[in-house]
Amino acid sequence: MAEITMIQAINEAMRQEMERDRRVIVLGEDVGVNGGVFRATDGLFERFGDERVFDTPLAESGIIGTSIGLAANGFRPVAEIQFLGFVYQAMDQLAAQAARIRFRSGGRFTCPIVVRSPYGGGVRTPELHSDALEALFTHSPGLKVVIPSNPYDAKGLLIAAVRDEDPVLFLEPMKLYRAFRMEVPEDLYEIPLGKAHVVKEGEDVTIISWGATVPLVAKLAEEMKAQGIDVEVIDLRCLQPLDIDTIMQSVEKTGRVLIVHEAVKTNGFGAEIAALISERALFSLSAPILRVAGYDTPYPVPSVEDDWLPNAARIIEGVQTLLRY
C-alpha cells in the first residue's frame, strides 16, 4: 500500500470509480483543465475527456441543478462546490430538490449525486472560505452528510458515496488535505456510510468529533493517557446517517462526554448529539455533556482564528472539568 495524502486519496477514489462506472461524471468550477483549486481532480480531464469532466460557470445553483437533472436520468455526477461557504446559492437545489426527489416521487426516482466541498479553518482563508456549515444539511431529511478525517477514510467513504442512491454532501477539511500521509489500499474499497470509528478506546471520558478536529483530539488523548486520563475518541465520519449505537455504547462505559467541532456552538451538530444522549442515556451520565466549538460569531480574520477554533487548551480544560464532577 502506498502512503498518500487525503487529496490524493480523494483523487484516486474519483478516478477509480470513473474507470469502473461510465455513468460517473465530474463537474464544477475549474475542475477540468486546471484540476481543481486544490488539485483534487488533477489528471481526470486528460484521462476521461470533456464529456465526463467539465468546467461550469461560476454559479453554484447551476452546478447542483444540472447534477440533479443528470442524476434523475441515469448519471452519477460528482459536483464540486469550490468552498462550502458558497453553498448558500445552491440551498434550494439541495434541500428542496435533491433531498426530496425520492420522497416526492414515491421512490420512482433517486438522486445519486455527490457534492464535494472543501471546508473548515486553520488555513488562513478569506471570508466565506472556512465556514463549517454541516449542521444546515443534517436538518434536510434525504441528504447524507459525510466528513472524513484521514486519507484512508476519505477514499473509502467517497467510493461509498458515489455508489449510494441518495444525495451525499461530502465535506473535505482543507486543513487535512496535505497534513499527513497514510497507507491507503490501491484497490477499490468502501467504508459504509453511517458507521463511526473508535479511534482510541478509553474508560474515563468520551470525546466525540469529526473532520479536522479528530487528529488533534486523538493526539491529546494519547498525551493525557500518560497523565493517567483514559480518553475514548470517536470519529463520527458521517453525521447523517448517524451511528448512534457506537455513541451510546461509549457513553454507557465512560459516563462523561465532550463534543468537539469547528462550527459555531449554538445549534451546531454537537447540540443534536447532546440531545440524543440525554434522551437515551441520561442515567449513564456522571457529568453534564460539554461542548468545545467555534464561538457564535462569523468566522474570524486569520490573526485570531487559532483562538476561535477548538484548540488543545480548550479541549484539555473540557476534559478536566468533566473529571471534577
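A brief look at the structure comes next. As a convention, each chain's residues are numbered from 1 in the sequence order in which they are written. Two thresholds apply to this predicted model, a pLDDT of at least 70 for residue-level local features and 80 or more for giving and counting side-chain atom pairs, whereas whole-chain, interface and lining totals are computed over all residues. No hydrogens and no water enter the side-chain calculation; it runs on all heavy atoms of the structure.

### As for the sheet that holds strand E3 (residues 53-55)
Here comes step 1: Pairing is mixed across the open sheet formed by seven strands, whose spatial order is E3-E2-E4-E5-E7-E6-E12. Each edge of the open sheet is held by one strand with a lone partner, namely E3 and strand E12 (238-240). Each strand of the sheet is rotated relative to its neighbour by a mean of 20°, with strand direction disregarded.
Here comes step 2: Packed on one face of the sheet, helix H7 (residues 151-163) meets strand E2 (24-28), strand E4 (76-80), strand E5 (114-119), strand E6 (144-146), strand E7 (168-173) and E12 and runs near 160° to E7. Between any two strands, pairing holds if DSSP finds at least two bridges. Every helix listed is a DSSP run of H or I at least four residues long, and every strand listed is a run of E at least two residues long, numbered separately from the N terminus. To get an axis, fit a line to the C-alpha atoms, keeping to the stretch in contact for a helix; angles then go from 0 to 180 degrees between the N-to-C directions. Residue contacts are counted whenever heavy atoms from the two residues lie within 4.5 Å of one another.

### Some points on the pattern of salt bridges
Here comes step 1: The rule for a salt bridge is simple: a side-chain nitrogen of Lys or Arg has to be within 4 Å of a carboxyl oxygen of Asp or Glu. For the structure on display, the rule yields 21 salt bridges.
Here comes step 2: Residue Glu-165 is joined to Arg-76 by a salt bridge in which the shortest nitrogen-to-oxygen separation is 2.3 Å. Placement of the pair is Glu-165 in the loop between H7 and E7 and Arg-76 in strand E4, with a sequence separation of 89 residues.
Here comes step 3: Under the scheme applied here, a residue whose accessible area is under 20% of the maximum for its type counts as buried, over 50% as exposed, and between as partly exposed, the area being computed with a 1.4 Å probe on protein chains only. Residue Glu-165 is classed as partly exposed on the basis of its relative accessible area of 34%.
Here comes step 4: Relative accessible area serves as the criterion here: at 7%, Arg-76 is assigned to the buried category.
Here comes step 5: Notably, a salt bridge pairs Arg-163 with Glu-190, separated by 2.9 Å at the nearest N-O pair. Pair noted here: Arg-163 is in helix H7 and Glu-190 is in the loop between strand E8 (182-184) and strand E9 (197-200), with a separation of 27 residues, a long-range link.
Here comes step 6: Arg-163 gets classed as partly exposed once you look at its relative accessible area, which sits at 27%.
Here comes step 7: What emerges from the salt-bridge pattern is a single network uniting Glu-17, Arg-20, Asp-21, Arg-23, Arg-163 and Glu-190.

### Notes on the sheet that holds strand E10 (residues 205-209)
Here comes step 1: Read across the open sheet, the five strands follow the order E9-E11-E10-E13-E14; overall the sheet is mixed. Looking at which strands have only one partner, the edges of the open sheet turn out to be E9 and strand E14 (290-294). In this sheet, neighbouring strand axes are inclined to one another by 25° on average, regardless of whether the strands run parallel or antiparallel.
Here comes step 2: Summarising the sheet, strand E13 (residues 257-264) and E14 pair through four bridges and their orientation is parallel. What sits directly across from Val-260, in E14, is Val-292.
Here comes step 3: Taken strand by strand, helix H8 (residues 213-225) contacts E9, E10, strand E11 (231-235) and E13, and its axis lies near 165° from that of E11.

The quantities given are spatial measurements derived from coordinates; they are silent on function.
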